Amino acid sequence: DVLGAVIVSGQDGSGTFIATFSNNVQDASSTVDSLEGAGDEELEVEDFEPIEIQPGDMVNLADEGGVVVRGDFGPGDFVHVLLTFGHPGSRS
């Protein structure tokens, strides 16, 4: 699950993506592998290592520092994003 996803922005064109990720699976970890603009949104996303979420656990990006993003948005704007999830050790 993705909870409370926002881009915290104090100025036009840049911000920090913050969310809490919850892994409801009790026997396998999951990862957040990528973040990008969805639809017509063009976002430049600072590189980040996949975020691992242990079985039955949560990860709050506010505790981890978030993910820096840049694009054509400002405070109060809605930004459509696409998150890609994975499972460590599995092949797709």
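Residues numbered from 1 in each chain as written. Predicted model: local features only at pLDDT ≥ 70, side-chain atom pairs only at ≥ 80, totals over all residues. Heavy atoms only, no water.

Enquirer: Just to check I follow, could you spell out the pairing of strand β3 (residues 30-37) for this structure?
Expert: The side chains of a regular strand alternate, first on one face of the sheet and then on the other. As paired elements, β3 and strand β5 (residues 51-53) share three bridges and run antiparallel to each other. What sits directly across from V32, in β5, is I51. Relative to strand β8 (residues 81-86), β3 is paired through six bridges, and the arrangement is antiparallel. The partner of E36 across the bridge, within β8, is L82. (Pairing = 2+ DSSP bridges. Helix = DSSP H or I, 4+ residues; strand = E, 2+ residues; numbered from the N terminus.)

Enquirer: It is not clear to me how the sheet that holds β5 should be interpreted in this structure. Could you clarify?
Expert: The sheet built from three strands is open, its strands ordered β5-β3-β8 with antiparallel pairing. With partners counted over all chains shown, the strands left at the sheet margins are β5 and β8, one partner each. Ignoring strand direction, the axes of neighbouring strands in this sheet form an average angle of 30 degrees. (Axes fitted to C-alpha atoms, helices over the stretch in contact; angles between N-to-C directions.)

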